[in-house]
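In case you want the letters, here they are:
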2 protein chains.
Amino acid sequence: MNSGIPPGPPADRTPTWQGRAVLVTGGLGFIGSNLARRLCDLGAEVTVLDSLMPQYGGLRFNLEGYTDRLRINLSDLRDCSSLEVLLEGKEVIFNLAGQTSHLDSMHDPETDLAINVTAQLRLLETCRRAAPQARLIYASTRQLYGRPLQLPVDESHPIDPVDVNGINKLSAEMYHFLYAKVYDLSACVLRLTNTIGPRMRIRDARQTFVGIWVRQLLEGRPIEVWGGEQLRDFNDVEDVVDAMLLAAEQSDLPLVPYNLGSSEVISLADLARLMIALHGSGDLVITPYPEERKKIDIGDYYSCFDRFHAASGWQPQRSLAASLQRTLAYYGEHIAHYL
Amino acid sequence: MNSGIPPGPPADRTPTWQGRAVLVTGGLGFIGSNLARRLCDLGAEVTVLDSLMPQYGGLRFNLEGYTDRLRINLSDLRDCSSLEVLLEGKEVIFNLAGQTSHLDSMHDPETDLAINVTAQLRLLETCRRAAPQARLIYASTRQLYGRPLQLPVDESHPIDPVDVNGINKLSAEMYHFLYAKVYDLSACVLRLTNTIGPRMRIRDARQTFVGIWVRQLLEGRPIEVWGGEQLRDFNDVEDVVDAMLLAAEQSDLPLVPYNLGSSEVISLADLARLMIALHGSGDLVITPYPEERKKIDIGDYYSCFDRFHAASGWQPQRSLAASLQRTLAYYGEHIAHYL
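These notes cover the structure that comes with them.

Cut-offs used in this document
Residues numbered from 1 in each chain as written. Chains lettered and ligands numbered in written order. Predicted model: local features only at pLDDT ≥ 70, side-chain atom pairs only at ≥ 80, totals over all residues. Helix = DSSP H or I, 4+ residues; strand = E, 2+ residues; numbered from the N terminus. Rg over C-alpha atoms; globule rule 2.2 N^0.38 Å. Buried ≥ 20, exposed ≤ 12 C-beta atoms within 10 Å, placed from the backbone. Contact = placed C-beta atoms within 7 Å. Least-squares fit on C-alpha atoms with pLDDT ≥ 70 in both. Right-handed = clockwise from strand over helix to strand, strands pointing away. Pairing = 2+ DSSP bridges. Axes fitted to C-alpha atoms, helices over the stretch in contact; angles between N-to-C directions.

Regarding the overall build of chain A
A count of helices and strands for chain A gives 11 helices and 12 strands. In terms of overall size, chain A behaves like a compact globule, its C-alpha atoms giving a radius of gyration of 19 Å where 339 residues would be expected to give roughly 20 Å. Scored against the burial criterion, the 339 residues of chain A give a buried share of 51%. When contacts within chain A are restricted to residue pairs at least 6 apart in sequence, those whose partners lie at least 24 apart make up 79%.

Laid out in structure tokens, this is it:
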């Protein structure tokens with residue numbers, strides 16, 4: 001559905017990351033750690049902030065091999081009295097900290113609110129005082145669209161979240177836009193679709209169901225697919241990292257939300273079959289969608305990312321198969337750290 | 001702009017309020033107290049919950065003459081451990097508690113968030129456990145539309161709040177819709193425009209600038225008008241009370257937001273002149289819009305209330321002049337309690 005789009009402007013990587021002071025909130029998590037590693041490789045001075053709350057995706061091992069090249073600050077954005085000091089002098093803040101589980105947000109909505117909204121507001125308030133020149137990149141989610149009325153979903157699609165998490169992520173987005181407009185902060189909001197790759201949480205489905213599938217596959221158990229017909233698109237985490245770097249580098253991007261997404265769309269059952277084929281063995285079991293999740297399920301979903309492509313030149317470079325292959329290889333080697 | 005609309009369904013007041021257990025959050029405030037008084041007059045068993053926080057609109061005097069006919073519970077929704085007991089057995093919950101000042105929401109966004117979002121989430125969570133059968137009427141605001149792209153503003157207008165208060169009220173609205181859909185709560189969301197009448201706050205402009213104008217007029221000072229060209233619509237508080245009763249009585253209203261509003265639209269300068277004429281004397285001074293408020297000003301605004309009219313039969317019964325007359329008379333008599 002993104003075929004035939006004209007190429008965007010050339011992605012001139014003129015701004016160098018060498019020596020630039022950046023902060024990655026949630027930097028021990030899945031996307032945050034992949035981003036922090038890339039930034040280190042590009043020569044940036046990286047500070048990582050993470051709460052390492054056990055239910056979330058943060059894991060010290062995610063920065064294995066990089067711990068002497070960056071600074072890790074363990075703290076909770078909610079009560080981080082040192083946030084002001086941590087923000088001072090930062091040129092870019094990659095704001096990835098958050099609670100990602102839709103189901104948890106229904107079981108414990110106040111915690112989702114505290115982490116995804118109150119902490120974000122505190123970060124923005126601190127930012128406008130301590131780092132008013134910084135560029136802020138906020139990792140939002142497709143979840144705030146709710147059940148798609150048409151596909152692919154572009155940014156003009158109505159906003160109608162089906163869970164507390166979607167409502168709270170929308171609030172945090174709106175805070176970013178508001179603070180950018182009222183206080184002249186520089187901000188960019190990316191709405192991520194399903195992201196997969198090394199360092200994602202595989203202990204449970206809190207971050208992505210693909211994580212638990214990887215675990216089932218590698219442990220020789222059948223992949224448990226709920227429903228199976230639902231269509232989804234997936235981005236490789238390295239493509240998401242590319243998008244975040246582009247969003248940071250191009251500070252003149254119009255102040256609107258941008259979908260990420262992929263042109264490769266696949267049903268959940270076919271995704272499981274593809275993973276089994278890539279792994280060389282495995283089974284899947286299709287079970288009915290659990291009642292509790294049905295009410296917050298969004299059905300088919302895939303994104304139109306034309307807006308961000310046109311604005312920044314970004315488009316996914318990694319195929320789904322290549323991404324899954326790389327992911328399976330990573331967990332084949334490192335699974336013990338993720339259980 | 002609401003002329004020529006067909007009459008809505010007859011507003012059959014078949015459900016009687018006699019003996020019905022109702023809770024009014026923010027019931028010592030402006031609209032809450034007028035609603036609580038009416039409910040008492042209709043024979044309902046009224047419990048009022050209010051925090052009486054000094055910057056807000058709550059005032060014991062607002063229920064003068066009614067204190068032996070209803071129950072007043074002073075507590076803060078945010079840490080009301082007794083909320084469950086207060087909700088038990090209630091048939092209708094009029095949910096009016098909130099922080100209303102746009103400017104305060106920018107100076108102290110976390111307090112606005114705590115009161116307008118966290119407390120609302122706690123109320124809904126408690127409600128689904130302690131009063132799952134209750135009908136919930138939530139007082140939302142036109143503020144979440146932001147600067148109108150076209151006038152009058154109907155419910156299909158894009159949502160683009162210009163301040164923290166607007167973002168937070170939107171969240172609370174969305175929570176109401178979500179809890180109604182997921183947990184089968186019965187809810188109705190009304191988006192109020194400017195409401196005026198007896199018992200509004202006149203000490204400052206935190207609730208409505210008309211309050212401070214009333215005070216300036218009655219104290220013989222010139223009315224200070226910022227700008228003056230901006231168009232607005234106003235509802236008499238009794239019309240808003242009518243709307244809330246209708247919304248409570250008609251539990252089969254579709255689960256969508258409903259604007260209130262008025263067909264009478266007036267510029268702020270003309271409003272000041274009308275107040276002076278009704279009062280028989282007075283002056284106005286037009287000053288430039290304060291810089292601090294300019295960034296969160298919404299320009300011209302008036303609502304289309306066709307949707308709620310068609311669904312419930314509601315339409316405003318009180319003219320702006322009659323409403324101002326009644327308001328000035330009230331404060332002429334009781335101003336000492338409101339300073």
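Next comes the rest of the description.
Brief notes about the relation of the copies chain B and chain A
The operation relating the pair of chain copies consists of a rotation about an axis and a translation along that axis. The operation relating chain B to chain A is a screw motion whose rotation component is 180°, with 0.0 Å of axial translation and a residual RMSD of 0.0 Å. What the rotation and shift describe, once combined, is the action of a two-fold rotation axis. Looking at the rotation axis and the C-alpha trace of chain B, the residue lying nearest is serine 171 of chain B, at 3.4 Å. Counting the interface residues of chain B, we find that 100% of their copies in chain A are interface residues as well, pointing to one common contact surface.

A word on the pairing of strand E2 (residues 45–50) of chain A
Residue and element names in this part refer to chain A. Counting buried positions over the six residues of E2 gives five, a clear majority of the element. Taken together, strand E1 (residues 21–25), helix H1 (residues 30–41) and E2 form a β-α-β motif whose crossover is right-handed. In this sheet, strand E3 (residues 71–74) lies alongside E2 in parallel orientation, the contact comprising four bridges. By the bridge assignment for E3, aspartate 50 is matched with leucine 74.

Remarks on the sheet that holds E2 of chain A
Residues and elements named next belong to chain A. Spatial ordering of the open sheet is given by E3-E2-E1-E4-E5-E6-E10, a layout of seven strands whose pairing is parallel. The outermost strands of the open sheet, each flanked by one partner alone, are E3 and strand E10 (257–259). Mean inter-strand twist for the sheet, computed between neighbouring axes without regard to direction, equals 20°. Here strand E5 (residues 135–141) runs beside strand E6 (residues 186–192); their pairing, made up of seven bridges, is parallel. Residue alanine 139 lies in a different strand from E6, and its bridge partner there is leucine 190. Running over the sheet, helix H5 (residues 164–183) touches E5, E6 and E10 and is turned about 155° from E6.

A few points about the sheet that holds strand E10 (residues 257–259) of chain B
All names here are of chain B. Pairing is parallel across the open sheet formed by seven strands, whose spatial order is E3-E2-E1-E4-E5-E6-E10. The open sheet is flanked by strand E3 (71–74) and E10, the only strands paired with a single partner. Across this sheet, the average inter-strand angle for adjacent strands is 20°, counted without regard to direction. Sheet topology note: the strand E1 (residues 21–25)/strand E2 (residues 45–50) ladder contains five bridges and is parallel. Of the residues in E2, the one forming a bridge with valine 22 is valine 46.

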